[in-house]
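Structural characterization, general
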Amino acid sequence: MTGERASPAGTVSGAGLVIRRVTKVFDAAGSQAVRAVDDLSLEIGENEFFTLLGPSGCGKTTLLRMIAGLEQPTSGEVLLDGDPLQGLPPYRRPINTVFQSYALFPHMSVGENVAFGLKMRGLDSAVIARKVEEVLALVRLEGLAERRPAQLSGGQQQRVALARALANEPKILLLDEPLSALDLKLRKQMRLELKRLQKATGITFIFVTHDQEEALIMSDRVAVLSEGRVLQLGPPEEIYQRPRSRFVADFIGDTNIILGRPKDAERLVLGGTAELRFAAPVLPSDGQDQALSVAIRPESCRLVNGAAYDDLANVFEGRVREIEYLGADTCVLLDVEALGASITVRLRNTEGAAVPPQEGETVRVSLPAAALWVLEP
Amino acid sequence: MTGPARLSRSGIALALGPALVVVGLFLVVPLLLVPIASFMEANPWGGVRPTFSVEAYVQVLFEEDFTGELIFNDAYPRIVLRSLALAALTTALCLLAGFPVAYVIALQPKSRQGILLLLVTVPFWTNLLIRTYSWIMILRDEGLINNGLEAAGVIEEPLRLLYTNGAIAIGLVYTFLPFMVLPIYAAIERIDRGLIEAAHDLYANRRAMLRHVVLPLARPGIAAGAILVFVPALGSFIAPALLGGGKHLMIGNLIQAQFGASRNWPFGSAMSLILLAAVLAVLLWQAQRRRSGAWQP
Ligand SMILES: Nc1ncnc2c1ncn2[C@@H]1O[C@H](COP(=O)(O)OP(=O)(O)OP(=O)(O)O)[C@@H](O)[C@H]1O
Ligand SMILES: [Mg+2]
């Protein structure tokens, strides 16, 4: 018997979930086979809030379903605390899922829905009753136990789905875009609640989303997926501040991208004579003729007036093409001839901040060397 | 989505008119003739004599002895009870056999479901009489089963299979099974697969999943199938006539005989009304149970 019951937390090395070179190919009869997950490896620690972030169709749901046991990998293996889960049906895995569509049982009350997993495990009915009450309180649904799912709002249904999974105290909770059906306000509130629940219960959360903001707010670590592969893995700050590839940079937040060729390890030549200085020797100096993409976040760019600045400020002239007022911020879109690119500058609208320029005006923009980084080709 | 288009009153009358005429002429009028006929005297050459009489209803429970006094005769009540029992047995067997079939079909890929459903209806393509006759070939003393068992050395004397209540039940189940399979299939097919996966995810093995998720959600289909099987089974007369060998009559045979050889239309009409009452009673009981039951759509 492989370990379906909890072993003492965090004692064995290799505790947590290990996904080792997992591939899933769907052979649709008649059409081309789809490689939904492609040779993917991940290690997810205990008590971690781990997020899978990626565009639609990148294999997030498929990966979750393989962890849950609802789908079998074509190759590779999934291990929990060192034991392979291969061949273990979903109902023997200490893993529960909050489904994208909630999948609440329509013929059962909220209480019966939440009790379902406990009942299936043959727990004592008094224990079940207590647990149901406790979990419903945890998701703030006290007093709704008698209702049917159809009599609840979307947000309440979502919390029932969460309670139903949480009640079992699984080792791992899989959440497949659980917030996507909620309106913005409720979504924001639920983000915090999910984070709070994860900390309170100590359960590993594997959270799927294609909303980058959601991923950044809640996660301990984020894996950015594309076409069934992990493009980048790391804590939210790292993913946001130093996306390695153009795909990740574009997917997470707005990014200015500048093309050029390295002159030496610290300088990039742009089009004509203009140069972009770096704070450290980060450029590959061997392949001289290789085009490189360099990125900078709009909020790192600055508009400078006559103020003094040094070489590392990388100041260029640009014409304002568009102004976008966002409430807290204002975005200024500039055409910068020297860079051969458009640059977006994001300004805070704080009290006493400089008045943003007008469309058509010529301004000077600074791309601080410390905020620049090189993208992988 | 737009709501249904509104019709004016005259439009409604125009649209429903033809249907109402057909239903009125061919359903309501004949149905009214039945109770009228049941309160008349039988004409020995068929038809009725227009004289009021409750003779037909008396006949259901009593017969005249040689002195002309009425004594209780349980022959007809027994036929009614046997009919109810056989119809209930048929319904139960159809459910047992039909549910797994419906479940398996509903879980197939969409493309295959159509073919399988077509196969379920294949028996309808030939005449019921012929299909029931073929069961005689299978069940009789020198039939397929007995010959087969004898050849295999399992039995020496042929088993009594034909002309039993069991034979009637087999014939009825065979006849009405599709009426059970189709509505249950429709109900299961509508169940979100996600619910089945959710049940598995919540530690329910296949059996528990079937019991706690599929079965309750298929209940409307089961109820519809039960009615579709029970009602015609109760009034059927071909299977008991051919497979019951005239010894095991059902209500349908009795009624049919009154309008045929026995030439007792009032009695036949009275029995028809009793059959109707039995069906209505069962339907009301079902509806009552569903209303008070826990399940609500
Ligand atoms: N059962 C299946 N049969 C065939 N192809 C499938 C099946 N399930 C998923 N796919 C394909 O695998 C790929 C990944 O699908 P998946 O559902 O994992 O994407 P996802 O990342 O969850 O997307 P979304 O954000 O839209 O939910 C898609 O191209 C999809 O069409
Ligand atoms: Mg998905």
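The structure reproduced in this document is the subject of the present report.

Rules used in this analysis
- Every chain is numbered independently, its residues counted from 1 as its sequence is written.
- Written order decides the labels, with chains lettered from A and ligands numbered from 1.
- With the structure being a predicted model, the display of local features is reserved for residues of pLDDT at least 70 and the display and counting of side-chain atom pairs for 80 or more, all residues being used for whole-chain, interface and lining totals.
- Each side-chain value is worked out from all heavy atoms of the structure, with water and hydrogens disregarded.
- A molecule or strand has a residue near it when one of that residue's heavy atoms lies within 4 Å.
- Polar contact criterion, stated in full: a pair of N or O atoms within 3.5 Å, where within protein one must be able to donate a hydrogen and the other to accept it, and residues adjacent in sequence count only if both atoms are side-chain atoms.
- Each accessible area is a Shrake-Rupley estimate made with a 1.4 Å probe; only the visible protein chains count as cover when residues are assessed.
- Only DSSP runs of H or I with at least four residues qualify as helices, and only runs of E with at least two residues qualify as strands; both kinds are numbered from the N terminus onward.
- A fitted line through C-alpha atoms represents every axis, and for helices the fit uses only the stretch in contact; the resulting angles, taken between N-to-C directions, go from 0 to 180 degrees.
- To sort the angles, those under 35 degrees are grouped as roughly parallel, those over 145 as roughly antiparallel, those from 65 to 115 as roughly perpendicular, and the leftovers as oblique.
- Any two residues whose heavy atoms approach within 4.5 Å at even a single point are treated as in contact.
- Residue type decides the class: Asp, Glu, Lys and Arg count as charged, Ala, Val, Leu, Ile, Met, Phe, Trp, Tyr, Cys and Pro as nonpolar, and the leftover types, Gly among them, as polar.
- Buried area: the sum, over both parts, of the accessible surface (1.4 Å probe) that disappears when the two are put together.
- Between Lys or Arg on one side and Asp or Glu on the other, a salt bridge is scored when a side-chain nitrogen of the former is within 4 Å of a carboxyl oxygen of the latter.
- Note on terminology: a nonpolar core comprises buried Ala, Val, Leu, Ile, Met, Phe, Trp, Tyr and Cys residues joined through side-chain atoms within 4.5 Å.
- Partly exposed residues are those whose accessible area sits between 20% and 50% of the maximum for their type, while under 20% is buried and over 50% is exposed, using a 1.4 Å probe and protein chains only.
- Only strands that DSSP links by at least two bridges are regarded as paired with each other.
- Stacked, tilted and edge-to-face pairs are distinguished by plane angle, under 30 degrees for stacked and over 60 for edge-to-face with tilted covering the rest, among Phe, Tyr and Trp rings (Trp via its six-membered ring) whose centres lie within 6.5 Å.
- Distance and angle both matter: a charge sits over a ring if NZ of Lys or CZ of Arg is within 6 Å of the ring centre and within 35 degrees of the ring normal.

A word on the site of ligand 1. Residue and element names in this part refer to chain A. In the region of ligand 1, the neighbouring residues are Phe26, Val34, Ala36, Ser56, Gly57, Cys58, Gly59, Lys60, Thr61, Thr62, Glu177 and His210. Backbone polar atom of Gly57 to an oxygen atom of ligand 1: 2.7 Å apart, as the coordinates give it. A distance of 2.6 Å is found between an oxygen atom of ligand 1 and a side-chain nitrogen or oxygen belonging to Thr61. Coverage of ligand 1 by the protein amounts to 63% of the 640 Å² it exposes when considered alone. Looking at the shell around ligand 1, the element that brings in the most residues is helix H1 (residues 60–68), giving three residues.

Take the packing of helix H9 (residues 206–217) of chain B against helix H10 (residues 219–235) of chain B next. All names here are of chain B. For the pair H9 and H10, interaxial distance at closest approach is 4 Å and the crossing angle is 55°. One element, H9, and the other, H10, form an angle in the oblique class. Contact residues: H9 offers Leu215, Pro216 and Leu217, while H10 offers Arg219, Pro220 and Ile222. Residue classes in the contact of H9 with H10 are distributed as five nonpolar, no polar and one charged.

Contacts between chain A and chain B engage 25 residues on the former and 20 residues on the latter. Between chain A and chain B the total buried area reaches about 1,900 Å² when both faces are included, carbon and sulfur atoms providing 64% of it. In terms of surface lost to chain B, no three residues of chain A exceed Tyr91, His107 and Met120 of chain A, which account for 32% of the buried area on that side. Our count for the chain A to chain B interface comes out at one salt bridge. As a salt-bridge pair, Glu197 of chain B and Arg65 of chain A come within 2.7 Å of each other at their nearest N and O atoms. Taken together, the links from chain A to chain B amount to six residue pairs in polar contact (both at pLDDT 80 or more). Where the side of chain A that touches chain B is concerned, the elements lending two or more residues are H1, strand E6 (95–98) and helix H2 (110–120) of chain A. Here the side of chain A that touches chain B gets four residues from one element, more than from any other, and that element is H2 of chain A. Partitioning the side of chain A that touches chain B into residue classes produces 14 nonpolar, five polar and six charged.

Here we come to unusual backbone geometry. A negative phi angle characterises most non-glycine residues, just as the trans form characterises most peptide bonds. Residue and element names in this part refer to chain A. For Ala103, which is not glycine, the phi torsion reads 50° and is therefore positive. Along the chain, Ala103 falls in the loop between E6 and H2. Although it is not a glycine, Arg140 adopts a positive phi angle of roughly 60°. Mapped onto the elements of the fold, Arg140 is located in the loop between helix H3 (125–138) and helix H4 (154–166).

One recurring pattern in soluble globular proteins is that nonpolar side chains are buried together. Counting residues in each nonpolar core, the largest one holds 93 residues, and the members touching the most others are Leu17 and Leu52 of chain A. The element that contributes the greatest number of residues to this core is helix H7 (residues 165–190) of chain B, accounting for twelve residues. In this structure, Leu52 of chain A is in contact with Leu42, Lys60, Leu63, Leu64, Ile206, Phe207, Val208, Thr209, Ala223 and Leu225 of chain A, ignoring residues within four places of it in sequence. Formed by 35 residues, the second largest nonpolar core is a distinct cluster that contains Val114, Ala161, Met190 and Met218 of chain A.

On to the pairing of strand E14 (residues 292–296) of chain A. Each regular strand displays side chains that alternate between the two surfaces of the sheet. All names here are of chain A. The element E14 is largely enclosed, with a buried count of five among its five residues. Burial along E14 is two-sided: Leu292, Val294 and Ile296 facing one way and Ser293 and Ala295 facing the other are all buried. Both strand E11 (residues 256–264) and E14 contribute to a ladder of five bridges, which runs antiparallel. In the sheet register, Ile258 faces E14, and the bridge partner there is Val294. Examined bridge by bridge, E14 and strand E20 (residues 373–375) share three bridges and lie antiparallel to one another.

Right, let's get into the packing of aromatic side chains. Going through the model one piece at a time under the given rule, you end up with twelve aromatic pairs over all chains. For the pair Phe247 of chain A and Phe251 of chain A, a centre-to-centre distance of 5.9 Å together with 5° between the ring planes defines the contact as stacked. On the criterion of helical spacing, the pair formed by Phe247 of chain A and Phe251 of chain A is a turn pair, its members being four residues apart in helix H8 (residues 246–251). On the numbers, 5.9 Å between centres and 10° between planes, the contact of Phe39 of chain B with Phe52 of chain B is stacked. With Phe39 of chain B in the loop between helix H1 (9–38) and strand E1 (40–42) and Phe52 of chain B in strand E2 (residues 48–52), this residue pair connects regions lying 13 residues apart in the sequence. The rings of Phe49, Phe205 and Phe207 of chain A are connected pair by pair, giving a single aromatic cluster. Arg164 of chain A extends its terminal NZ or CZ atom over the ring of Phe105 of chain A, reaching a point 4.8 Å from the ring centre. Over the face of the ring belonging to Tyr240 of chain A we find Arg297 of chain A, whose NZ or CZ atom lies 4.0 Å from the ring centre.

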